[in-house]
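Below, each chain spelled out in residue letters.
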Amino acid sequence: MTPHVVPDPQAGAAVKAADRAHVFHSWSAQGLIDPLAVAGAEGSYFWDYDGNRYLDFTSGLVYTNIGYQHPKVVAAIQEQAGKLATFAPAFAVDVRSEAARLIAERTPGDLNKIFFTNGGAEAVENAVRMARLHTGRHKVLSAFRSYHGATSTAINLTGDPRRWASDTGSAGVVRFWAPFLYRSPFYATTEEQECERALAHLEDTIAFEGPGTIAAIILETVPGTAGIMTPPPGYLAGVRAICDKYGIVFVLDEVMAGFGRTGKWFAAEHFDVVPDLMTFAKGVNSGYVPLGGVAISEEIAATFDTRPYPGGLTYSGHPLACAAAVATIHVMEDEKVVENAARIGETVLGPGLRELAERHPSVGEVRGLGVFWALDLVKNKETREPLVPYNASGEANAPMAAFAAAAKQHGLWPFVNMNRTHAVPACNVTDDEVKEGLAALDAALTVADRHTV
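What you see as residue numbers is a count from 1 along each chain, following the sequence as written. The model is predicted, so local features are restricted to residues of pLDDT at least 70 and side-chain atom pairs to those at 80 or more, both for listing and for counting; the totals for chains, interfaces and linings are taken over all residues. Only hydrogens and water are removed before side-chain values are computed, so all heavy atoms of the structure are retained for them.

Draft legend 1. Looking closely at the packing of helix α3 (residues 71–83) against helix α10 (residues 319–334). In this analysis, axes come from line fits to C-alpha atoms, helices being fitted only over the stretch in contact, and the angle between any two N-to-C directions falls in the range 0 to 180 degrees. Put simply, DSSP H or I for four residues or longer makes a helix, DSSP E for two residues or longer makes a strand, and each gets a number counted from the N terminus. Running from N to C, α3 and α10 point in directions that differ by 150°, and their axes come no closer than 8 Å. The two elements α3 and α10 meet at a crossing, and its hand is right-handed. Judged by residue contacts, K72, V73, A76, I77, Q80 and A81 of α3 engage P319, L320, A323, A324, A327, T328 and V331 from α10. In the scheme used here, Gly and all other residues not listed as nonpolar or charged are polar, with Ala, Val, Leu, Ile, Met, Phe, Trp, Tyr, Cys and Pro taken as nonpolar and Asp, Glu, Lys and Arg as charged. Across the contact of α3 with α10, the residue classes tally to 10 nonpolar, two polar and one charged. In a left-handed crossing the near helix is turned counterclockwise from the far helix by less than a right angle, and in a right-handed crossing that turn is clockwise. Throughout, a contact is declared for two residues whenever any of their heavy atoms are within 4.5 Å.

Draft legend 2. How the structure looks around the environment of K139. Relative to the helices and strands, K139 resides in strand β5 (residues 139–143). Judged by relative accessible area, which is 15%, K139 ranks as buried. The spacing of K139 and F266 is 127 residues in sequence and 26 Å in space, taken between C-alpha atoms. The contact partners of K139, leaving out residues within four places of it in the chain, are G172, V174, E209, T213, I214, A215 and A216. When a residue's accessible area, from a 1.4 Å probe over protein chains only, is under 20% of the maximum for its type it is buried; when over 50% it is exposed; and in between it is partly exposed.

Draft legend 3. The arrangement of helix α11 (residues 337–359) in detail. With 23 residues, α11 extends 31 Å between its outermost C-alpha atoms, agreeing within 8% with the 33 Å of an ideal straight helix rising 1.5 Å per residue. Bend, at a single residue, is the angle you get between axes fitted to the 7 residues ending at that residue and the 7 residues starting at it. Bending of α11 peaks at approximately 50° at the position of G345. Here a helix's expected span is defined as the number of its residues, less one, multiplied by 1.5 Å.

Draft legend 4. Quick peek at unusual backbone geometry. Its identity is not glycine, yet W27 carries a phi of approximately 55°, on the positive side. Along the polypeptide, W27 turns up in the loop between α1 (9–22) and β1 (38–42). Even without being a glycine, Y187 presents a positive backbone phi close to 55°. With a relative accessible area of 74%, Y187 lands in the exposed category.

Draft legend 5. The arrangement of the environment of F304 in detail. Inspection of the secondary structure puts F304 in the loop between α9 (298–303) and α10. Sequence spacing of F304 and M130 is 174 residues, and the spatial spacing of their C-alpha atoms is 9.2 Å. If we ignore the near neighbours within four places in the chain, the residues touching F304 are M130, L133 and Y309.

Draft legend 6. Spatial organisation of the pairing of β1. A pair of strands is treated as paired once DSSP finds two or more bridges between them. Pairing geometry for β1 and strand β2 (residues 45–48), over four bridges, is antiparallel. Across the sheet, the residue bridging to G40 is W47, located in β2. Remark: two residues form the turn of the hairpin made by β1 and β2, two consecutive strands paired antiparallel; G43 in that turn has positive phi of roughly 60°.

Draft legend 7. Spotlight on the side chain of E433. Here E433 lies in helix α13 (residues 431–449). Lys and Arg are tallied as positive, Asp and Glu as negative. Neither His nor the chain termini are counted. What makes a salt bridge here is a side-chain nitrogen of Lys or Arg within 4 Å of a carboxyl oxygen of Asp or Glu, nothing more. No salt bridge is formed by the buried E433, whose closest oppositely charged neighbour, R53, lies at an N-O distance of 7.2 Å. In this structure, E433 is in contact with S44, Y45, L55 and F57, ignoring residues within four places of it in sequence.

Here it is as structure tokens:
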């Protein structure tokens, strides 16, 4: 249970004033935003200085997989700070070694070496660098409807509009269409058709780009911010086979989908595939201290046995971040958090969202698994026209803004992106908390319904 929230509007006003005077926020027009001043958080909830409490259906930015302020992880960070608060990455440090061991034990296949970064974008940057150096090739293929981070290479690999302002055409980046049956780029009507046509399209792209020029294909195992489009059966295995055929490194981005989010330690387990490189971050320590990394196959790791890897970070494997990761993984094991995420998705969240879709004309499709779900909101279920235009802003985005405002009025903090709302609570969310969130979504969707035809 969260503690009793004592309103303190004066303190909240001071926090807001300092923020507006000095903090430059990401992805925002600075003069048009009004950030909520947060007073505290615990478990699946956070609250403001006015005493309003919100059920967080965003998990921060889909990273608080064990919720806020888990006492065992907080204690581990405090203990590590007292023991060894920081140390340079060139040394062997017990907590760094233990974090790497615990992660490697859970990654699929032979991904047994861990390169630590400070977050997901840096993980993608380094995975691409490793692939290029390992193969001696320069091109990297990535999908539209994807997000891989905001650093230089990662943002150019990204397939959504956040790339546009920084799209300087990183040398060798080539995009292709990945499968998405609900809005199929291949005019498919079944999952089998979508899979077959998507794989044919990918192989055609490789043929015309030149297989001998392509270092890697990078995919989010289950695309996150772009819409939680679970790939059809056989697709990822097909990509794996294509990569093997042409000597291309297969990179899976599990920054958002990893560490229990889909009801497995890693989403790749759902599809029985093993990539050559896997990126992670976010849920590895529930975001308590910034941490990310690349899990590396034995073959690629061997490339750098006697050849120096030309990359590194000052805070790679930071002891506080690694202590948080060790504690988080133990919590997830001891409290069966991954199992809870799978059960919640199968028995509470998934069925509840599908029931909402049956009653609300604004819900075109429900898709997801574990605690990783999206509602595709539409103007018309028959035509599948999105509730708002692609990359809408201002007045054009009013229906989604009204939906989000209604959710907050009912005590739910929603994840909203374009014409979608994502249901991505903590992996240790309870049945009652999910039902509370579903009730708030139910109320908010009545607002979205007003914009259907």
